[in-house]
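Close look at the chain arrangement
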Amino acid sequence: MPPGSVRTDQTQMYFNKGRYPPTAAFDNCALCMIRPHVIKDGGTGHVFVTLMEAGLEVSAIEMLQLQRAEAMELMEVYKGVLPYYSDLIDGMSVGPAIAVEVRGPPGVVEKLREVCGPHDVDMAKYLRPASLRARLGKDNANNGVHATDLDEDGEREVSYVFDTLMNKS
């Protein structure tokens, strides 16, 4: 939660880690991060339906507000690679995002990338018009969802969000 935010007693019961322990498995997984603009525009349900229809397992979910430094750490591999990196970070930290641990058979990262479509929204609309980025992306910095790019990054990204960030005091 952002500094200064307060949960009410009613919402606190839903975020009680003792009552509802985290379900992240941290193996054979990938991270799908639903960007804030998708949540604001009401597209969250479409993301979950699409993931499940593709045969992927949603094994953990967490809504969080990434601070700018946290978004920079998560997206560090794109620094110096994407010309719109700063806009990407702004889009990830402007409001609540939803982190999803996605699991499946071997090749889960590639399957998630297929469901999400190309990073470039215009390319996604042309090559994979049914993909999440084609349907939910506004531009390349706000392309709907972040998806783990490489098999070796899946566990690291999921661990960063569901372990490191969720266990901050």
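Above this text sits the structure in question.
This write-up is about the structure you can find in this document. Being a predicted model, the structure only gives us computed values, none of them experimental. (Residues numbered from 1 in each chain as written. Predicted model: local features only at pLDDT ≥ 70, side-chain atom pairs only at ≥ 80, totals over all residues. Heavy atoms only, no water.)

Overview of the overall build of the protein chain
Looking only at helices and strands, one finds nine helices and four strands in the protein chain. Walking the protein chain from its N terminus toward its C terminus, one meets helices and strands in the order α-β-α-α-β-α-α-β-α-α-α-β-α. The proportion of buried residues among the 169 residues of the protein chain is 46%. Put simply, 73% of the contacts in the protein chain that link residues at least 6 apart link residues at least 24 apart. Put simply, the protein chain shows about 9000 Å² of open surface, and 53% of that area lies on carbon and sulfur atoms. (Helix = DSSP H or I, 4+ residues; strand = E, 2+ residues; numbered from the N terminus. Buried < 20%, exposed > 50% of the residue type's maximum accessible area, 1.4 Å probe, protein only. Contact = heavy atoms within 4.5 Å. Areas by Shrake-Rupley, 256 points an atom, 1.4 Å probe, with all protein chains shown as cover.)

Section: unusual backbone geometry
Of note in this structure, F26 is not a glycine but carries a positive phi near 65 degrees. You can see F26 is positioned in the loop between α1 (9–12) and β1 (29–34). The partly exposed category is assigned to F26, whose relative accessible area is 30%. If you check the backbone angles, N28 has positive phi at about 45 degrees while not being a glycine. Residue classification places N28 among the partly exposed residues on the basis of a relative accessible area of 31%.

A look at the nonpolar core
With 25 residues, the main nonpolar core has L31, M33, L66, L74, M75, V161 and F162 as its most contacted residues. Those elements giving two or more residues to this core turn out to be β1, β2 (57–64), α4 (68–74), α5 (85–93), β3 (97–103) and α9 (154–165). Broken down by element, the residue count for this core peaks at five residues, all from α9. If you look at the next biggest cluster of nonpolar residues, it comprises 20 residues, including A30, V38, F48 and V102. (Core = buried A, V, L, I, M, F, W, Y, C linked by side-chain atoms within 4.5 Å.)

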